[in-house]
Amino acid sequence: MTHRTRPPSQSCANCDGFASAAVTLGGRDRHGHLRTISAHCPVCHGTGTARPLARLREDARA
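Residues numbered from 1 in each chain as written. Predicted model: local features only at pLDDT ≥ 70, side-chain atom pairs only at ≥ 80, totals over all residues. Heavy atoms only, no water.

A. Focus on the nonpolar core. Within the largest apolar cluster, five residues are counted, these being Cys12, Cys15, Ala19, Cys41 and Cys44. Each residue touching Cys12, except ones within four places of it in the same chain, is listed here: Gly17, Cys41, Val43, Cys44, Gly48, Thr49 and Ala50. (Core = buried A, V, L, I, M, F, W, Y, C linked by side-chain atoms within 4.5 Å. Buried < 20%, exposed > 50% of the residue type's maximum accessible area, 1.4 Å probe, protein only. Contact = heavy atoms within 4.5 Å.)

B. Focus on unusual backbone geometry. For Asp16, which is not a glycine, the phi torsion comes out positive at approximately 60°. Along the polypeptide, Asp16 turns up in the segment before strand S1 (20-28). Residue classification places Asp16 among the exposed residues on the basis of a relative accessible area of 53%. Backbone geometry places His45, a non-glycine residue, at a positive phi of 60°. The topology assignment puts His45 in the loop between strand S2 (34-40) and helix H1 (53-56). The exposed category is assigned to His45, whose relative accessible area is 54%. (Helix = DSSP H or I, 4+ residues; strand = E, 2+ residues; numbered from the N terminus.)

Spelled out as structure tokens, the structure:
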């Protein structure tokens, strides 16, 4: 018997799958570490995948 596989997830059209990025603020803190912030894709909220329609309607009943 063959195993059923999941269909491949679709990458987000806005970020093309690269959902998060670390952005340096310039300079270093007193310990010598770079100051960074993380920026997430506003469409997929940092997941990198397009959401299926069923998940968007969580309150819908069958």
